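For reference, the chains in residue letters:
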Amino acid sequence: QQQQQQPKQQPLHFQMPSLQPKFDTSNHRWACVDAGDRYTSLLSLQAIRTIEILKQVLGIVTSPHGRRKATRTVRDVFYSNVSLYDKQQCLSTYAIRRACICLKVPRRCLGLSTTSCGLFSGSIKLSQLPHHSCLQEEESINNQHDIVYGDALHNIPCINLLESCSMDTSNAQFAIIIEKDAIFQLFVREQFAEKYNCIVVTGKGFPAIDTRYFVKRLCDQIPCFALVDADCYGIQIMFSYAYGSQTICFQNHELAAPSLRWMGILPSELDRYNVSHAEELPLSARDRSLLHSILGRDHITDQTKNEIRCLSQRGLKAEVEIFTSVHQSRFLIDEYVPYKIENQSTQTIPLI
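The rules behind the values
Residues numbered from 1 in each chain as written. Predicted model: local features only at pLDDT ≥ 70, side-chain atom pairs only at ≥ 80, totals over all residues. Heavy atoms only, no water. Helix = DSSP H or I, 4+ residues; strand = E, 2+ residues; numbered from the N terminus. Buried < 20%, exposed > 50% of the residue type's maximum accessible area, 1.4 Å probe, protein only. 1 Å grid on protein atoms, 1.4 Å probe; cavity = no way out; pocket = protein on both sides within 12 Å on 5 of 7 lines; lining within 4 Å. Points joined across faces, edges and corners; volume = space filled by probe spheres on them. Nonpolar A, V, L, I, M, F, W, Y, C, P; charged D, E, K, R; others polar.

(A) Representation of unusual backbone geometry. Cis peptide bonds are those with omega within 30 degrees of zero, and the linkage from Gly264 to Ile265 qualifies with 0 degrees. With respect to the secondary-structure elements, Ile265 resides in the loop between β13 (261–264) and β14 (281–282). Unusually for a residue other than glycine, Asn197 sits at a positive phi of about 50 degrees. One can find Asn197 in the loop between α7 (192–196) and β11 (199–202). By relative accessible area, which is 39% here, Asn197 ends up partly exposed. A positive phi angle, close to 55 degrees, is found at Lys204, a residue other than glycine. By the element assignment, Lys204 lies in the loop between β11 and α8 (209–219).

(B) Local environment of empty space enclosed by the protein. Using the criterion set out here, one finds two cavities of 30 Å³ or more in the structure. Estimates place the volume of the largest cavity at around 90 Å³. Along the wall of the largest cavity there are twelve residues; nearest its centre are Arg107, Ser113, Ile159, Ile209 and Asp210. Mapped by element, the contributors of at least two residues to the lining of the largest cavity are β4 (112–113), α5 (159–163) and α8. Across the lining of the largest cavity, the residue classes tally to five nonpolar, four polar and three charged.

What follows is the structure in structure tokens.
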């Protein structure tokens, strides 16, 4: 007797929308394209855990208790069920991002935030706008018509507050976006913002979303310049401000600031300023690999690529602190930056 062939059973699965980063050449930023739904089998423990994490996140941010609380931090969600999350990074980079993609909203619209680590110095006035749909009533600043920041050091306001306010930078002629906190503190001590009627900002390394949004708003109003190390990480940090991030490509329309210009430190000018090779560091194999990867990106301008090739050919990288050494302690503040600003059309590099 001929055995009847049994139809092949399809395993249980769930599907989620998937986005793929793609550089938008018309708007000069990383954008996203719909990559279709992603199908994942339900037969694995990893898939079950993924669903449970998403369920936990969505449950917290959509619950009546969550809505009554103006803003919850990522750590709040993490500690609501510690055993579910092996690492906070897993929650922050995957679960929340997947929830944002599913609902097609930025993280703040889920009532989630992280502690902003960015700082700025300079004169800015925030004025309240009509109530924004993403904000809860408790977050509005109904009791304050204006928030005025002076030339002292200030924490960058959270994106929820920035979004609900207009930003007046009419007293500032330009802004400098500084990679490192140590260099930023030098500018604050020397009262650079007050002396030159400008704004100085730092994201303390790779910038958080609040800092990127803040810089984007600045770039829309005044000229902005990046002061970063002459190495692959400084360049990557500058690109994260200018072009946005691939991991949150669905939000880059409000974060990317392609009008940002590269002030320094430029690899091509190190020899001109007689920087001693003893004060520089050799490029590592990882450095060279990252530089090679950057050179392969079509959206990087020729002028920027020339600087990156110079960095690779010299084989040495330099930090901004090289211009604050004992032999030229005031060179950065008194000569280098003012000269760059005065001759910005020829001494700074556009990124688009």
